[in-house]
Amino acid sequence: MQIRLLGPVGASHGGRDLVLGAPRQRAVFAMLALNAARTVSTDLLVDGIWGEHPPTNPLASLQVYVHGLRRALAAAGLDRGLLASRAPGYCLDVPVIQTDLGAFERDWERSRELSRAPDARAALAALDTGLARWRGPGLADLRQFPFAVAHAARLDEAHALAQEDQVDLLLACGEHARLVSHIETLVAQHPTRERRWGQLMIALYRCNRQADALAAFARARDLLADELGIDPGDALRQLEVGVLRHDPQLAPPALPAVTDAHALAAEAVRTGPAEATPARPRNEARLPQPTTSTWGRDELADELAARLADPGLRLLSLVGPGGTGKTRLATLVAARAQGFSGGRFFLEAEEGQDATALLTSLVLAVGGPEPPDPTTISAADTVADQLPVDPVLVVLDNLEVVPDAAYAVEALVKATTGLTLLATSRLPLRLEFGVEVVVPPVELPPVAVAAAQAGSYPAVALFVDRAGMVNHRFRLDDGNAADVVELCRLLDGMPLAIELAAARMRLLSPGAAVARLRSGLSLLSSSPGSTGASARTLTGTIDWSLAHLTESARALIDDLCVFEDGFGLEAVESITALHARTTDAPMPDPVEDLSALLECGLVHLKQTRVELRYHVLGPVRAHLRSAGDQSQRDRVRALHLAWMRRRLPGWAAALDGPDGDLALGRFDDEHADLLALIGWALGRGQVEEAAELAAGAQAYWVAAGRIREGLAVLDRFTGLALPDGLRRALQVGVARLAYYAGEHERTERVCRALIAGSPPGFLEEASAHCYLGAALVASGAPDEGVPPATTALDLARQRGEWEIQAVALSVLAISAAMTGDLERERSCYEERLEVVRARGDRARIADTLNTLAEIALDEPDLASAQDHVAESLRLAGEHRPMERRDGLITSARIAVLAGENDRAAAELSEALDIAARTGQPHAAAQAARATSCLLVARGEHRSAVRLFAAAHALAPPEGEDGEPFETDLRAALRAARAALDTDELGRLWRFAADDDVDTATVIGMARAALTSGVTGVG
C-alpha cells in the first residue's frame, strides 16, 4: 500500500485507490499514517478530530470510522489487520517508507549526505526526487481538523526548507541564470524567510546584476521592518557587504553551469585528442521540474504532445506575452511527448545571444564539444553531428531575446533529420514549416457560477492553491467565492497575474483585492517583498510586447481597451473608420493590426453564439488603462457610443422576431459595454445619449432575465432632466421591469402617474394601460385590472402594437382564470398564440405554449400538456431563461403526476438555479410549490407544508382561500395538510409563513428539500 500525505490524503494498492470515506474517517487514517507503525491513543484521535467539541459518544463514532477503514483495506485486497487495535488505541501497521512523507524524508536525508560528500549534482537529483512527491500542501484536504494544525505547519516548514536546499544545490551547480525568476516566486510565497532573500541576492549577483542584488536587500530590509519590526540578520547583512565589495566567495563555482563533462569536452577540443572527449550525460540539460502544482493545462499538454508525435512536425512554437505559462506548458508537453528515445533537452536562450551563440549552446546541451571557432564553422551542422541517432526533442525557451532566433531555428531544422524543436517566445517566429500555438489563459468560470462549482475551474483552483501557500487558513467558501471568481476574471486567467494576486492573501481578502484591481495593476506592483519585482516583471513584459508592435497596432490596442467584454470585427472597423475621419489621419488596416495582436497573444479569440469576437488580455487592458492617454480614450469612447446608438435599435427590434435568439446573443455580448457607456455618458453629462441606450435595452433586460440589473440602471435617471418622449419611454421601462420583479405597487404608481401626466394619444399609452392592468391583476384585483388591460388591447390592435397585444391578452387570461372563467382563459391564450406566431416571436410562443400546457394539466390531459411543454422548452432553448424556467416547472409537475420523480427533481433543480438568477418572487414561489408536490409524492409531508407556507409568504397564490388554483398544486397542499395533526400543521404553517422570507430564502429551502428532504426552516 502506498499512502499519500503530501497533498490531498489518499492511498492506493495495486493501481487502485482506496475509498477512504468521509472527511472524519480520512482524518483518522491520516493521523494513523502520520504515526505509521506506532500506536495512537483513542484520546489523541478524538482530540484530533473534534478538539474541544466532541460528540456525546465519540468512541462509538471512532469505532465506526475504524470499521470503515478496515472495510476499505479489505476491498482493495489488503489485510484488515493492517489497522490493528492496540491498547490504548489503534495502529496502522505499515513501514514509514510506504508513505510519501517517509519517502520524501529519506530522499531529503540522502541529498544532505551527498551534499556533504560533496556531490552537488547527485544531491540535487536525490532532492528533486523527493520534492516531486509533493502534490500540494501537506494534508491539503484535512487542514480544518484540529490534529492537522501542528502537522500542517511542520510539513509546510519541511517543504520550504527542502525548496531552499534545492536552490542552494542549483546555485552550487552554477545554474544561477535560470534561477532568478524561480527564487522570486519562492520569496513571494514566504517573504519573511531571509534565506530566500540571500539566495536571490546571490543569483542576481552571479548574473552580473549587482544593483538588483542590492535592491533585493533593500526590499528585504523594508519588508522585515514593516512585517516583523526587525532588521535583517547577520547573514543577510554580511551578504550585502560581500556584494558591495565583489567578494570572490560570491563568484559562480569554478565549473561551468552544466557539468564537469562540459569543461573536459572544451579542454579536449583545445588540446586535440578526440578520445579525451567523454560523452556528455544526457540528463544534464534536464527539463525543469515544477515546484508547484499546474492547473488547467492537462488537456492542452496532451494535445500538443500528440502533435509532436507526428514525424513530419519539426517545430512547435508556444507564443504569448510573459506570464501566460509558456515555459511550464512546454516542459509538460516535452515530458509527455512519446517517441524521443534520443533524449529530451532544455535550453534557455539568454540576453545578448545571437543565432550562432544559441546554436553553440545547443551543441553543448546535447552533449557535444564547444566548437573551436563558431564563426568559421556551421554550428547547425555541428549540432547535427552531435545528435544521437535516435529522435531528439529540444525545448528552446525564451527565443524572443535572440534577435535572429528564426534564422537559428530554420538552420537547425534544415541541417538535421531527427531533431524536433519545441520553442517558446513572446513574438511569433513566422516560419512556414512550423506550427504556432498562442498559449491561452487558464479556463475561467462563468460570472454566475455557484460557489460549490467555482473551485473546479482551473483559474480558481490555481488562485486557491497559491493563496493557501501564503495563508494556510485560506479556503474557498460561499463568502468569498464570488470575489475570487471576479478576481480571476479581471486577470483573465493569466497564471502569473493570478499567482501575484494570490500572494497578497496574507494581507487582503479577495474582495479587497478586487476593489484594488479594478483601478489597474497597482495591487500587484505595490506588493511587499519580491512580489513587487515580480509585478514589475509582469508589467515589464507587457511593455516589452507592446514595444515590439508596429505604431498602428500599438495605437489599435490602446483603443481596444475601451471595450469591457470583447469586441467584434465590425466594431473595430467602424471605430477605426470614424477615428480616421475625425483626425484626418490615413486609415490603418484594422485586420492586419488585429492579426498582429492575436499572433503575439495580447488579444485572444472569444467564440460566442453570434460571431467571432476578440478581447484584450485582462492584465494588458488594466495596464494600458492606468497608463494611457485619458483624453484619447474618451475620444474612442465617444466613437463607441455613436456606434452603439446606431446599432441598438436594430438589435432591440429583432428581439421579439424570428431572429430573437441571435439578437439576444448580440445583447449578451455587448451588455457590459452598454452599461459602461451609459455610466460614461452620465458622468460626462450626456444624459440624453445615456437615456437612449437605457430605453433601447429594456426589452433585452426582460428577455435575458436581468430584471433587477435593468431596474438599477433605469433608477439612475430618476430626477434627471429629459425630453418628454424619452422620459416617458424610461418610465414605461421602469413599470415593465418592476412588474416582472414583483413590485406591483410600484408598477401601478408609475403607470397611473404616466397616464395622468401625459397628453392624449401619447406613444406609450397602450403600454402604460397594459402594465397598470397587469399590476392590478397580479395584486389580486382582477375586477380593477380588466378595464385598463382591455383599453390596452384595443389601443394595441388599432396601432399594430402586437407585443402589447400579447401582454394584454395574458393579463385578461389570468384575470379570467382567477374568476373561474376557464373558457375565456383558454380563448385569450389561443388568440395570443396566433398573434405571436404571426410575428415569429419564439420567446412568447414558448411562454404561451407553456401556459396551454398548464391548462391541459388542470383538465387533466397529461399527453397534451407534455406535448405543449416539450415544444415550449425546445423554443426557449438555453438562452431564454424565464421561458425555460417556467417550462421546467410545468414539466416537473407533469413528471410528478406521471410518477417520474427523478426527472422532476432534475428539472426542478435547474428551474431553481434560473429562478435564483432572475430573482422574481412569483416564479420562485411556483418552483417551490412544484417542489412541494414532489415532496408529497415522496411522503415528506412536514417538509412539503413548510415549503408551501414559505412560498405563500413570498408570493400568495391567486386561488381562493389561500390555495393555488392549479389542480395538482392544490391537491398536493391538501394531502400534505391531511397527513399532519392540527396542532403540528398550525405550528409548521405559522412558523414558515410568519418568517420574513425572501426569494433567496425560499429557493434555498427548495434546493435543500430536493436533496435531503429538509427545508431548513424550524
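Just above, that's the structure.
Note that this is a predicted model, so its numbers are computed, not measured. (Residues numbered from 1 in each chain as written. Predicted model: local features only at pLDDT ≥ 70, side-chain atom pairs only at ≥ 80, totals over all residues. Heavy atoms only, no water.)

A. Representation of the overall build of the protein chain in the model. Along the protein chain, the regular secondary structure elements total 46 helices and 14 strands. Taking all 1018 residues of the protein chain together, the buried fraction comes to 54%. Summarising the internal contacts of the protein chain: among those between residues at least 6 apart in sequence, 69% fall at separations of at least 24. Accessible surface for the protein chain amounts to roughly 42,400 Å². Of this, 51% is attributable to carbon and sulfur atoms. (Helix = DSSP H or I, 4+ residues; strand = E, 2+ residues; numbered from the N terminus. Buried < 20%, exposed > 50% of the residue type's maximum accessible area, 1.4 Å probe, protein only. Contact = heavy atoms within 4.5 Å. Areas by Shrake-Rupley, 256 points an atom, 1.4 Å probe, with all protein chains shown as cover.)

B. Molecular detail of the sheet that holds strand S7 (residues 315–319). Spatially, the five strands line up as an open sheet ordered S8-S9-S10-S7-S11, and their pairing is parallel. Of all the strands in the sheet, just strand S8 (344–348) and strand S11 (435–438) have a single pairing partner and so form its edges. Within this sheet the neighbouring strands show an average axis-to-axis angle of 15°, counted without direction. With five bridges joining them, S7 and strand S10 (residues 419–425) adopt parallel strand pairing. For Val319, the partnering residue across the bridge sits in S10 and is Ser425. On top of the sheet, helix H12 (residues 298–308) reaches S7, strand S9 (392–397), S10 and S11; it is set at about 155° to S7, its chief contact. (Pairing = 2+ DSSP bridges. Axes fitted to C-alpha atoms, helices over the stretch in contact; angles between N-to-C directions.)

C. Spotlight on the pattern of salt bridges. Per the counting criterion, the structure on display carries 62 salt bridges. Here Arg4 makes a salt bridge to Asp17, at a shortest N to O gap of 3.5 Å. With Arg4 in strand S1 (residues 2–4) and Asp17 in strand S3 (residues 16–17), this residue pair connects regions lying 13 residues apart in the sequence. The class of Arg4 is partly exposed, set by a relative accessible area of 23%. (Salt bridge = Lys/Arg side-chain N within 4 Å of Asp/Glu carboxyl O.)

D. Summary view of the side chain of Glu400. Following the sequence through the fold, Glu400 ends up in the loop between S9 and helix H16 (405–415). When neighbours within four sequence positions are excluded, Glu400 is seen to be in contact with Thr424, Ser425, Arg426, Leu427 and Trp544.

E. Local environment of the packing of helix H2 (residues 42–50) against helix H3 (residues 58–75). At a minimum axis separation of 10 Å, H2 and H3 run at an interaxial angle of 90°. By the angle between their axes, H2 is roughly perpendicular relative to H3. Residues Thr42, Leu45, Val46, Ile49 and Trp50 of H2 touch H3, and the partners they reach there are Pro58, Leu59, Ser61, Leu62 and Tyr65. (Parallel < 35°, antiparallel > 145°, perpendicular 65-115°, else oblique.)

F. Spatial organisation of the packing of aromatic side chains. According to the stated counting rule, one finds eleven aromatic pairs in the structure shown. Summarising the aromatic geometry, the rings of Trp643 and Trp651 are spaced 6.0 Å apart at their centres and angled 70° between planes, so their arrangement reads as edge-to-face. The pair formed by Trp643 and Trp651 is uniform in burial state, with each residue classed as buried. Between Arg112 and the ring centre of Trp108, over which it is positioned, the NZ or CZ distance is 4.1 Å. Just above the ring of Trp989 sits the side chain of Arg977; from NZ or CZ to the centre is 4.7 Å. (Phe/Tyr/Trp six-rings, centres within 6.5 Å; stacked < 30°, edge-to-face > 60°. Lys NZ or Arg CZ within 6 Å of the ring centre and 35° of its normal.)

G. Geometry of helix H9 (residues 210–228). Along its 19 residues, H9 runs 27 Å from first to last C-alpha, staying within 8% of the 27 Å computed at 1.5 Å per residue. Among all positions of H9, only Ala213, Ala216, Phe217, Arg219, Ala220, Leu223 and Leu224 are buried. Looking straight down H9, one finds its buried side chains confined to an arc of 165°; they lie on one side. Exposed residues pointing more than 90 degrees away from the buried face of H9 are listed as Ala211 and Asp226. The positive-phi residue at the C-terminal boundary of H9 is Gly229, with phi of around 70°. (Expected span 1.5 Å × (residues − 1). Arc of directions from axis to C-beta.)

H. Expanded view of helix H18 (residues 458–470). Along its 13 residues, H18 runs 19 Å from first to last C-alpha, staying within 8% of the 18 Å computed at 1.5 Å per residue. Of all 13 residues in H18, twelve are buried; the element is thus mostly enclosed. Those residues of H18 lying buried are Pro458, Ala459, Val460, Ala461, Leu462, Phe463, Asp465, Arg466, Ala467, Gly468, Met469 and Val470. Looking at the buried positions of H18, the neighbouring elements they touch are helix H7 (180–189), helix H13 (326–336), helix H17 (451–454), helix H19 (481–490) and helix H20 (495–502).

I. View of the sheet that holds strand S13 (residues 603–607). Taken in spatial order, the three strands line up as S12-S14-S13 in an open sheet, and their pairing is antiparallel. Looking along the sheet, the strands with just one partner apiece sit at the ends: strand S12 (567–568) and S13. Of the strand pairs in this sheet, S12 and strand S14 (residues 612–616) are connected by two bridges, and their pairing is antiparallel. Among the inter-strand pairings, Phe567 is bridged to a residue of S14, identified as Tyr614. Those strands touched by helix H26 (residues 590–599) are S12, S13 and S14, and its axis lies near 100° from that of S13.

J. Local environment of the pairing of S7. Counted residue by residue, S7 has five buried out of five residues, so it is predominantly covered. Burial along S7 is two-sided: the face carrying Leu315, Ser317 and Val319 and the face carrying Leu316 and Leu318 are both buried. For S7 and S11, the ladder comprises four bridges, and the chain directions are parallel. Within S11, the residue paired with Ser317 across the bridge is Glu436.

K. Quick peek at the state of the cysteines. In total, this model carries zero disulfides according to the counting rule given. No disulfide involves Cys751; its sulfur sits 8.7 Å from that of Cys770, the nearest cysteine. Look at Cys751 and you get buried, because its relative accessible area is 1%. Under the relative-accessibility criterion, Cys770 is labelled buried at 0%. (Disulfide = S-S within 2.5 Å.)

L. Representation of the nonpolar core. Counting residues in hydrophobic clusters, the biggest one holds 132 residues, and the most contacted among them are Phe463, Ile557, Leu560, Phe567, Leu597, Ile678 and Phe717. Among the elements that take part in this core, helix H30 (residues 687–703) stands out by supplying twelve residues, more than any other. Here Phe717 is in contact with Ile678, Leu682, Val687, Ala690, Ala691, Ala694 and Leu730, once residues within four sequence places are set aside. Of all hydrophobic cores here, the second largest spans 75 residues; its members include Ile49, Leu139, Leu179 and Trp197. (Core = buried A, V, L, I, M, F, W, Y, C linked by side-chain atoms within 4.5 Å.)

Read these as spatial facts, not as claims about activity.
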